[in-house]
Amino acid sequence: MSYQTTKDTPFPAKQTFPAPKNTYLNAASTVKSWLLTGDHKRIAILYLISVSFFFALGGLAASIIRLELTSPKGHFLEHETYNKMFSAHGIFMVFLFLIPSIPAVLGNFLVPLMIGAKDLAFPRLNLISWYLYTTAGGLILLGMMRGGVDTGWTFYTPYSSMYSNTNVSLMIVGIFIAGFSSIATGINFIVTIHTMRAPGMTWFRLPLFIWAQYATSVIIVLGTPVVAITLMLVVVERALGIGIFSPELGGDPVLFQHLFWFYSHPAVYIMILPSMGVTSEIISCFSRKRIFGYSFIAFSTLAIAVLGFLVWGHHMFVTSQSMYSSMVFSIISFLVAVPSAIKVFNWTATIYKGSVELSAPMMYALGFIGLFTIGGLTGLYLASIATDVHLTDTYFVVAHFHYVMVGGALSGFLGGIHFWWPKITGKLYDEGWAKLAAGLTFIGFNLTFFPQFMVGFLGMPRRYHFYPEEFQAYHVLSSAGASVLALGLIIPGIYLTASLIAGKQAPDNPWMAVGLEWMTTSPPPTLNFDATPIVTWEAYDYTPNDPEEARHAVINPALLEIHTGVDPLGDGMAGGLE
Amino acid sequence: MSAEHAETTHQEHSHHVVSVSELFITYGALMGLMLLTIAFAFKDFGAMNNVIAMVIALIKATLVVLFFMQVRKGSKLTMLWAAIGFIWFLLMFGIMSDYFSRAWIPVPGWESPTTNQK
Amino acid sequence: MSVDAISTTHGLVGHDDHAHHDPNQAHQFEDMAQQNESYIVGMWSFLVTEIMFFGVLFIAYSLNRLLHPGSFIDAHRHLNVWFGGINTVILLTSSLTMALAVRAAQLQSKVAQLVFLTITILCAFGFLGIKTVEYTHKYHEHLIPGANFHYVSVGAEGGPSAEAAVNPEKSNIPQGQAQIFFLLYFFMTGLHGIHVVIGIIAMTTLFIMIKFDHPFTRYYMWVEMAGLYWHFVDIVWIFLFPLFYLIPGK
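None of these values were measured; they are calculated from a predicted model.

Each value, and the rule that gives it
Residues numbered from 1 in each chain as written. Chains lettered and ligands numbered in written order. Predicted model: local features only at pLDDT ≥ 70, side-chain atom pairs only at ≥ 80, totals over all residues. Helix = DSSP H or I, 4+ residues; strand = E, 2+ residues; numbered from the N terminus. Buried ≥ 20, exposed ≤ 12 C-beta atoms within 10 Å, placed from the backbone. Contact = placed C-beta atoms within 7 Å. pLDDT = per-residue confidence, 0-100. Axes fitted to C-alpha atoms, helices over the stretch in contact; angles between N-to-C directions. Parallel < 35°, antiparallel > 145°, perpendicular 65-115°, else oblique. Nonpolar A, V, L, I, M, F, W, Y, C, P; charged D, E, K, R; others polar. Core = buried A, V, L, I, M, F, W, Y, C linked by C-beta atoms within 7 Å. Left-handed = near helix turned anticlockwise from the far one by under 90°. Expected span 1.5 Å × (residues − 1). Arc of directions from axis to C-beta.

Draft legend 1. Structural detail: the overall build of chain C. A count of helices and strands for chain C gives eight helices and zero strands. Order of helices (α) and strands (β) in chain C, N terminus to C terminus: α-α-α-α-α-α-α-α. Per-residue burial over chain C gives 49% buried out of 250 residues. When contacts within chain C are restricted to residue pairs at least 6 apart in sequence, those whose partners lie at least 24 apart make up 71%.

The structure is reproduced here in structure tokens:
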């Protein structure tokens, strides 16, 4: 009754799987069928391509910055070019990569699959979202080609509104449109998760990835309009010479910072919450254990989303912000640590006594936990008013938010891409290269950003390319680490592409995971499931302590048989369930 | 099962059609409140003027939401989202707390918070 | 755990028996109840983004009024409370007719839908007409923010203030602060006006489709969603009116 497995490869070695006949990928192959698709899976692929493109551009800008910083006297770039370079890096990475990365790629692909729906609630809105994104990307690219901006991604006034004579307005219009692209995705997810869950898929049977997407969407819907209209006010100020944010004309520049961070601090949680969702999925699957404290993780997700809206003022401790406000913001910022810590402890407890399999996605997920913990804990230094006055606008801040955004959000994104790659493409990638890349990313990342904590603590301000010579060692170390990190990010690009061409066909459920998305073919058919699934089991229904037993428990033998023609149980029960 | 279910809910929804009198009463109340707010604006109540104007506006908005937009008969989910919109709108006014509290009793050494804006 | 138990607990059991498939139902939904709920919640979450959108401007308004109360009192005298008042009446009336149009759509009454949509659209045009008159006045008074902006105070009675009567070039409030007031006025009423225009486009489209019995309009939800949107536009004006036209003080 059982098929032969080894611990690391659930499927018999050298076993091949026939490709499923009807998938979303081969449903139609014209360019038009892709560009006018309503299928959430195809839109996810479109997003994956465009997001990767802008990630590469942002990475290029980062490489130039790191190259420039190897020398204390700035040998390569003019002052203004350097300013434009870090602005380009920030704008590409924040607005065109980090914010849409997991929601628009993995979320788009997985939300309907995980809740057992045929598609998102509004497929056309979903497609419009991608077109808005590409329009925004095009405008921002145009702005870059016309000379870029030198304001940094934060567009602080009155510099951006009164003084900078770079392409601020064009960039802002681009970011405005990008905002509406994410609002469209957010509304779609909220409605889909509320109304389109399969029969039996109660809120507390939802995978935590869905909870994370839901919380993220709520933040997007509530926050993005704020920054959109605030930036539009900057454009109007520039065009008409009015000073809502300029003190000499009667306005208040601190108001800009308030409004900007009212969105942009929660935006950090837009970046990190989906990664936390991915991590919950991966950790549970590769520990072969039910996630520890499911409801605690679910509610801490919502708590982070709500508390994240109450802490924006901690970016403004050294402005003229009232010290009473600062104190309140400081205290609430500390409170955010509580739900974050709950998550970290629960993941750790999940791994404890689990049957851990150190696959590539698991390596990314473990990396996420470590890096996020460092990023989160250093955040407490910045949440304390006294230390923040010393650390504001130093490399300590730079290192802190890179630990959260790159170490956290990017690790989660890569982990998720690796975890669901067989489902998305139907192909298996090379596990050896993947593990190597995961290791290189982790090492390279720490080499790049850990020295920045130290040099920041010593007083190196951010956004300068001239610096005292005693800081050079740190910067060279950081740049060396950046090249390792770059290698770790280029390698997946190669082997993942290679897997599309020469990769082996993936089975429906290569990781023996229990989510609904694994119960359809790899890649799934256009309407996701042959029949609407009825959910009768809890999320993460892994049987603990006995990996062999767990593998049997999680697989749905009849389904595997139907979709692949493989008879894993060897009992000749072909076509057992129609 | 689902088609049947849809039919009944669709019917139910059609039966929930709002009554004309309810709409006209709401309309009358809105008009009355508008006249009230104009009347109050021409009297001087000092700082209370703003409060009165905003309270009346809030009442009017609530009437529109509950009766014209039919949130009163809507699902819990609709109520939730209507409420979230309002709550977050108020939450954003937390920004104003900074400006109100700047003039509070200064702590020695904190008289002039640094004014350099980055 | 036996295999049989697994296939039942983890099984996918179809219930795809759409014997009487509603023609209005989109492919991704299981039934009409689900679709209706999705549309309503989707519209509401969109309206929440709109609330936050306008919210920023209300905060900018509040702060600047807090910082420059005198300028706001002085500048608001350039706005005619009767224009604002009539526009409020027009918009409230249009909200009523829109609610009646939604009711007609739920009852699938074609004539009533057409009549009430027509009244609503006419009200919207009336609103925009009065706004155009107001904007034109402001243009002639050089109150459009930008290069041509030139502020002159008016007194409480409507004529030039005592100071300005003596020296018309002189204003008793800083030009920059007056400009902030008028920027907010034009930005907020302008953004609201854009929403009115979008509303007109939506309602006109629906009107034409209902007129020619497009199958689309057999589904009442489209009118209902246009209605939700239109009531939201009304609510924004309910707040804009007292904030700009009714600032009390000397």
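Having seen the structure, we can now continue with the description.
Draft legend 2. Broad picture of the overall build of chain B. Secondary structure summary: chain B contains five helices and zero strands in total. When the elements of chain B are put in sequence order from the N terminus, they spell out α-α-α-α-α. For chain B, buried positions account for 25% of its 118 residues.

Draft legend 3. Region of the structure containing the confidence of the model for chain C. All names here are of chain C. With 84% of its residues at a pLDDT of at least 70, chain C reaches an overall mean of 84. Across chain C, helix α5 (residues 110–140) holds the top mean pLDDT of 95, while helix α1 (residues 3–9) sits lowest at 35. The low-confidence segment residues 1–19, where pLDDT is below 50, has 35 contacts with residues more than four positions distant or belonging to other chains.

Draft legend 4. Summary view of unusual backbone geometry. Residue and element names in this part refer to chain A. With an omega of -5°, the peptide bond running from T157 to P158 counts as cis. Positionally, P158 belongs in the loop between α4 (123–145) and α5 (159–163). At F155, a residue that is not glycine, the phi angle is positive and equals roughly 55°. Within the secondary structure, F155 sits in the loop between α4 and α5.

Draft legend 5. Here's a closer look at the packing of helix α11 (residues 360–383) of chain A against helix α14 (residues 431–457) of chain A. Residue and element names in this part refer to chain A. Contact geometry for α11 and α14: axes closest at 9 Å, N-to-C directions at 10°. Considered as vectors, α11 and α14 are oriented roughly parallel to each other. In contact with A360, M363, Y364, G367, L371 and T378 of α11, α14 contributes E431, A434, K435, A438, G439, F442, F445 and F453. Here the contact of α11 with α14 is built from residues that sort into nine nonpolar, three polar and two charged.

Draft legend 6. Focus on the nonpolar core. Residues I115 of chain A together with A60 and L184 of chain C are the most contacted members of the largest nonpolar core, which totals 276 residues. A per-element tally of this core places helix α3 (residues 79–115) of chain A first, with 23 residues.

Draft legend 7. View of the packing of helix α3 (residues 69–76) of chain C against helix α7 (residues 175–211) of chain C. Residues and elements named next belong to chain C. Two elements in contact, α3 and α7, have axes whose closest approach is 9 Å; the angle formed by their N-to-C orientations is 60°. Judged by the angle between their axes, α3 and α7 are oblique. For α3 against α7, the interelement crossing comes out right-handed. Together, S71, F72 and A75 of α3 and Q177, A178, F181 and F182 of α7 make up the contact between the two elements. Its residues assigned to classes, the contact of α3 with α7 shows five nonpolar, two polar and no charged.

Draft legend 8. Looking closely at helix α4 (residues 76–92) of chain B. Helix length check: α4 of chain B (17 residues) gives 24 Å between terminal C-alpha atoms against 24 Å at 1.5 Å per residue, within 8%. Three or more residues of α4 of chain B are buried, namely T78, W81, A82, G85, W88 and M92 of chain B. Taken end-on, α4 of chain B shows its buried residues confined to a sector of 135°, consistent with a single buried face. Opposite the buried face of α4 of chain B, at more than 90 degrees from it, the exposed residues are K76, I87 and L90 of chain B. In the core, the buried residues of α4 of chain B are packed alongside α7 (208–240) and α8 (253–287) of chain A, α3 (48–68) and α5 (95–101) of chain B together with α2 (32–67) of chain C.

Draft legend 9. Inspection of the interface of chain A and chain B at higher detail. Each side of the interface is counted separately: chain A has 18 residues, and chain B has 17 residues. Listed by contribution, the elements that provide at least two residues to the side of chain A that touches chain B are α7, α8 and α10 (323–351) of chain A. Here the side of chain A that touches chain B is composed, by residue class, of nine nonpolar, eight polar and one charged.

Draft legend 10. Quick peek at the environment of L63 of chain C. You can see L63 of chain C is positioned in helix α2. Taking the number of C-beta atoms within 10 Å as the measure of exposure, L63 of chain C has 20 and is therefore buried.

Draft legend 11. Representation of the environment of L57 of chain A in the model. Here L57 of chain A shows up in helix α2 (residues 40–68). Under the C-beta neighbour-count criterion, L57 of chain A is labelled buried, with 21 such atoms within 10 Å.

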